[in-house]
Amino acid sequence: LMYLTNIDYTFKKLSKISDKIVMLNWYNENHKNCINKTNPENILKILKKYYSGLVIEYPYFHKWGYLIKSVK
């Protein structure tokens, strides 16, 4: 996600073709190639507009990784 310029638009379009989402992402706002600095909690807010029943988890294996998935 750090390479997307407009997360809201991207998931608006994706939600029209799929009602479920499972996404593993790495968030590092200091990464030199990071275009989008939206933090995980704000990404979850955006996604909740288009998908219901979402949860966010922070896997133990990487301090910057997180998982967003639908639980429908």
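Treat the numbers as computed from the prediction; the structure is a model and nothing was measured. (Residues numbered from 1 in each chain as written. Predicted model: local features only at pLDDT ≥ 70, side-chain atom pairs only at ≥ 80, totals over all residues. Heavy atoms only, no water.)

(A) Molecular detail of the nonpolar core. With 14 residues, the main nonpolar core has Phe11, Met23, Ile43, Leu47 and Ile68 as its most contacted residues. Sorting the residues of this core by element identifies α1 (7–15), α2 (40–48) and β3 (65–70) as the ones contributing at least two each. Ranked by residue count, the leading element in this core is α2, at four residues. Beyond its immediate sequence surroundings of up to four residues, Leu47 is in contact with Phe11, Ile21, Met23, Leu54 and Ile68. (Core = buried A, V, L, I, M, F, W, Y, C linked by side-chain atoms within 4.5 Å. Buried < 20%, exposed > 50% of the residue type's maximum accessible area, 1.4 Å probe, protein only. Helix = DSSP H or I, 4+ residues; strand = E, 2+ residues; numbered from the N terminus. Contact = heavy atoms within 4.5 Å.)

(B) Looking closely at the confidence of the model for the protein. Summarising the model, the protein shows a mean pLDDT of 80, and 89% of its residues fall at 70 or more. Here strand β1 (residues 22–26) stands out as the least confident element of the protein, with mean pLDDT 75; α1 is the most confident, with 89. (pLDDT = per-residue confidence, 0-100.)

(C) Structural context of the pattern of salt bridges. In the structure shown here, the tally under the stated rule is one salt bridge. For the salt bridge of Lys49 with Asp8, the shortest nitrogen-to-oxygen distance reads 2.3 Å. Here the residue Lys49 occupies a position in the loop between α2 and β2 (54–57), and Asp8 occupies one in helix α1, the gap between them amounting to 41 residues. (Salt bridge = Lys/Arg side-chain N within 4 Å of Asp/Glu carboxyl O.)

(D) Structural view of α2. Every buried residue belonging to α2 is among Pro40, Ile43, Leu44, Ile46 and Leu47, and all of these are buried. Buried residues in α2, looked at end-on, bunch into an arc of 160 degrees, giving them a common side. Where α2 is buried, its residues meet α1, β1, β2 and β3. (Arc of directions from axis to C-beta.)

(E) Just the environment of Leu47, in detail. Position of Leu47 relative to the elements: it lies in helix α2. Spatially, the C-alpha atom of Leu47 lies 9.2 Å from that of Ile68, the residues being 21 residues apart in sequence.

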